[in-house]
Amino acid sequence: MKVLAINGSQRGKNGYTQFLIEKLFEGVIRAGGECESVTLSELNIKRCTGCFTCQKADHYLKCIFDGIDDVATVYEKMRQADIIIFGTPVYIFTMSGLLLNLLDRYPSTSNCSDLNISKSGLFFHQIDTAICSKPFVTLICQDNIETETHKNIISYFKTYSRFMDAPYIGSLIRKSAIIAGYGKNDAKLLEYPLLNEIYAAFRKAGEELVISGRINKATQKKANQELIKLPHFVKPMLKLSFFRKIIQNKIKNFMVRQGN
Ligand SMILES: Cc1cc2nc3c(=O)[nH]c(=O)nc-3n(C[C@H](O)[C@H](O)[C@H](O)COP(=O)(O)O)c2cc1C
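Residues numbered from 1 in each chain as written. Predicted model: local features only at pLDDT ≥ 70, side-chain atom pairs only at ≥ 80, totals over all residues.

(A) Focus on the overall build of the protein chain. Counting its secondary structure elements, the protein chain contains 10 helices and 7 strands. Relative to its length of 260 residues, the protein chain is compact, with a C-alpha radius of gyration of 20 Å against a globular reference of 18 Å. Viewed in the frame of its principal axes, the protein chain has a C-alpha envelope of about 65 × 45 × 35 Å. For the protein chain, the proportion of its 260 residues judged to be buried stands at 35%. Sequence-distant contacts, at least 24 apart, represent 74% of the contacts inside the protein chain between residues at least 6 apart. (Helix = DSSP H or I, 4+ residues; strand = E, 2+ residues; numbered from the N terminus. Rg over C-alpha atoms; globule rule 2.2 N^0.38 Å. Buried ≥ 20, exposed ≤ 12 C-beta atoms within 10 Å, placed from the backbone. Contact = placed C-beta atoms within 7 Å.)

What follows is the structure in C-alpha cells.
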C-alpha cells in the first residue's frame, strides 16, 4: 500500500501539516505500508492560465508548463499511489492556494470535450482517473477553534469525491494548532496531555489506511477532538458587545501566558 501525502503548506517541511503527516506515516510504516510526501512549497507549481492549449491537436494533453514546472512529476506520483493525503492548513477559510493551483491543472490530463458521468450521476469533463479517482484523506490544520473555519475545504472535497468517483476515506482536522505549539514544543504535551492521545490517533489512522484502506470513525473522532472547549453558554453571550470585550481580553491574556 503506497500512501502519498501532498503538503500544501507554505511552511513546507517546517510546518504543522508536515508534523501531522509524519505522525500518520509512523502508523503507515508500522503496518507495513510505503509512504512519501510531496512538499508543494519546495516545487515550482505554476497557475493554470486557462489557455486550453492542452486541448489543441498540436499540443494535445501537454500543458504549456510541462518540462518547465513540477506538476507533471506530482501527477505521476499520484498515479503510482494507492491512497492520497491532501494536506493543507486553512488559509482564510479555505485550502492553500498552492494545493488549489495543483488541482486546477487537472484539465490538462484528459480530453475536456469528453463528458463523464460520475457514479452519483454528475456531469463533468474527463480528467485522468488514475490521478483524480484515488481514495483520499484530507488532513487539515488551523489555529482557530471554529469548525466554520475549515468547512469550505470539507465541502470542496465532498464535491470532488462525488464528481471524481474518488472515495473520501478519512478526514483529519486539527484545530488550535497555535495552542499545540505546531508540534514543535514538547512542553505542550505536558500542558495538554490530550495531545498524546491525538497524535496516537494519527498514528492509528495511518495503520488503518494500510490495513483496511480507510480511517475508522472512532479514530477520526479521537484525532479531531477539541483541545479547547468553550462552555455552551458562552456563544449566545457573545452577541452582547460588553461580553465580547471581556472574552477578547481574557483570550489576549491567555495567549500572552501561552507565549504566543
Ligand atoms: C495566510 C494564512 C491564512 C490563515 N488563515 C487561517 C484561517 O482562516 N483560519 C485559521 O484557523 N487559521 C488560519 N491560518 C493559520 C494556519 O492555518 C495554521 O497556523 C496552520 O497550523 C499552519 O499550518 P502549517 O504550519 O503547516 O503551515 C492562516 C495562516 C496563514 C499563513
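Having seen the structure, we can now continue with the description.
(B) Expanded view of helix α10 (residues 241-258). With 18 residues, α10 extends 26 Å from end C-alpha to end C-alpha; this agrees with the ideal 26 Å at 1.5 Å per step. Residue Gly259 follows α10 closely and has a positive phi angle near 80 degrees. (Expected span 1.5 Å × (residues − 1).)

(C) The domain arrangement of the protein chain, seen in detail. When the domains of the protein chain are assigned, the result is domain 1 (2-229) and domain 2 (230-260). Each of domain 1 and domain 2 was reduced to a C-alpha centroid, and the two centroids are 33 Å apart. (Domains from an automatic or database assignment.)

(D) Region of the structure containing the nonpolar core. Of all hydrophobic cores here, the largest spans 57 residues; its most connected members are Val3, Leu4, Ile6, Leu24, Ile84, Ile85 and Phe202. If you tally residues by element for this core, the top one is helix α7 (residues 194-212), at 8 residues. Those residues within four positions of Leu24 in sequence are excluded, and the remaining contacts are Ile85, Leu139, Phe202, Ala205 and Gly206. (Core = buried A, V, L, I, M, F, W, Y, C linked by C-beta atoms within 7 Å.)

(E) Examining the sheet that holds strand β7 (residues 168-174) more closely. One open sheet accounts for 5 strands, arranged β2-β1-β3-β6-β7; its pairing is parallel. Sheet topology places β2 (34-39) and β7 at the edges, where each strand pairs with a single neighbour. Along the sheet, successive strands turn relative to each other by an average axial angle of 15 degrees, direction set aside. Looking at chain direction, strand β3 (residues 83-89) and strand β6 (residues 136-141) are connected through 6 bridges and run parallel. Following the sheet pairing, Ile84 is matched in β6 by Phe136. (Pairing = 2+ DSSP bridges. Axes fitted to C-alpha atoms, helices over the stretch in contact; angles between N-to-C directions.)

(F) Main features of the pairing of β7. Of all 7 residues in β7, 5 are buried; the element is thus mostly enclosed. When β6 meets β7, the two strands line up parallel, connected through 6 bridges. By the bridge assignment, Val137 is partnered in β7 with Gly170. Note that the unit made of β6, helix α5 (residues 151-164) and β7 has a crossover that is right-handed. (Right-handed = clockwise from strand over helix to strand, strands pointing away.)

(G) Main features of the site of the ligand. Near the ligand you find 17 residues, and of these Gly15, Pro89, Gln142, Asn144 and Ala177 are the closest. Among the residues forming the shell around the ligand, the class breakdown is 9 nonpolar, 6 polar and 2 charged. (Near = placed C-beta within 6 Å. Nonpolar A, V, L, I, M, F, W, Y, C, P; charged D, E, K, R; others polar.)

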